[in-house]
Amino acid sequence: MTHTATATVHKYSVAARVFHWVGALLILAAWLIIEQGDDFISLHKSVGFSFLIWTVLRILNRLVSKTPPAPMPKLHSIASAVVHFLLYVVMLAMPLTAFMASMYGGYGVNVFGLFQIPGFGSVNDSLAGTLMDWHTGLIWPLLLALIAAHIIGALYHQFILKDNLLARMR
């Protein structure tokens, strides 16, 4: 495969592409919902819990699926692998810290009104607060930075290197 727009594109599997784009939409939805205020916290938690399950399924899919080849310089491959690995870590940490904060706060999670995961019987407000601080003050900015690095890398390949890398995820 050459580095031209007309080169053969080795796409990700349909499942991998669906996991990628639905995951992106869930992140966007969770952010847009929480920006509407605390009146929507239950819906935000439901979307966040859904994102956690979706991310676990996505990781399982990634473990059993082959990543299509992408000829690129070694440094780009390493940077891509590091960013992707960190994205997966943060995509797990984001909902897990909020879920555990809710559990330790004694609130639990109501998932779209379908079922309720009750909070822990023994409340630990200090731990709940720390976990929520990590969720909003550490993990959220880290997630945004990694998403930005991911998008910038993809756009760099598409418009500077013109290697049609974006077509792998369409």
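Note that the structure is predicted; figures quoted are calculated from it, not measured. (Residues numbered from 1 in each chain as written. Predicted model: local features only at pLDDT ≥ 70, side-chain atom pairs only at ≥ 80, totals over all residues. Heavy atoms only, no water.)

Caption draft 1: Structural view of the overall build of the protein. If you tally the helices and strands in the protein, you get 4 helices and 2 strands. In the protein, the succession of helices and strands from N to C terminus is α-α-α-β-β-α. Considering only C-alpha atoms, the protein reaches an extent of 60 × 30 × 30 Å along its principal axes. For the protein, the residues scored as buried account for 33% of the 170 residues in total. (Helix = DSSP H or I, 4+ residues; strand = E, 2+ residues; numbered from the N terminus. Buried < 20%, exposed > 50% of the residue type's maximum accessible area, 1.4 Å probe, protein only.)

Caption draft 2: Just the packing of helix H2 (residues 41-64) against helix H3 (residues 74-104), in detail. One way to put it is that H2 packs onto H3 with a least axis distance of 9 Å and a crossing angle of 145 degrees. In the packing of H2 onto H3, the handedness of the crossing is left-handed. Together, Lys45, Gly48, Phe49, Phe51, Leu52, Thr55, Val56, Arg58, Ile59 and Arg62 of H2 and His84, Tyr88, Met91, Leu92, Pro95, Leu96, Phe99 and Ser102 of H3 make up the contact between the two elements. For the contact of H2 with H3, the class distribution of residues is 11 nonpolar, 4 polar and 3 charged. (Axes fitted to C-alpha atoms, helices over the stretch in contact; angles between N-to-C directions. Left-handed = near helix turned anticlockwise from the far one by under 90°. Contact = heavy atoms within 4.5 Å. Nonpolar A, V, L, I, M, F, W, Y, C, P; charged D, E, K, R; others polar.)

Caption draft 3: Examining H2 more closely. Along its 24 residues, H2 runs 35 Å from first to last C-alpha, staying within 8% of the 34 Å computed at 1.5 Å per residue. Where H2 is buried, its residues contact helix H1 (14-34), H3, strand E1 (109-111), strand E2 (115-117) and helix H4 (125-161). (Expected span 1.5 Å × (residues − 1).)

Caption draft 4: Molecular detail of H1. Along its 21 residues, H1 runs 30 Å from first to last C-alpha, staying within 8% of the 30 Å computed at 1.5 Å per residue. When we look at burial in H1, the residues that qualify are Ala16, Arg17, Phe19, His20, Gly23, Leu26, Ile27, Ala30 and Ile33. On its buried side, H1 packs onto H2, H3 and H4.

Caption draft 5: Representation of the UniProt feature "domain: Cytochrome b561 bacterial/Ni-hydrogenase" (unreviewed entry) in the protein. Residues annotated by UniProt as "domain: Cytochrome b561 bacterial/Ni-hydrogenase" (unreviewed entry) correspond here to residues 12-169. End C-alpha atoms of residues 12-169 are separated by 6 Å, and the span's content is 72% helix alongside 4% strand. (UniProt positions renumbered as here; feature names shortened; annotations may be inferred.)

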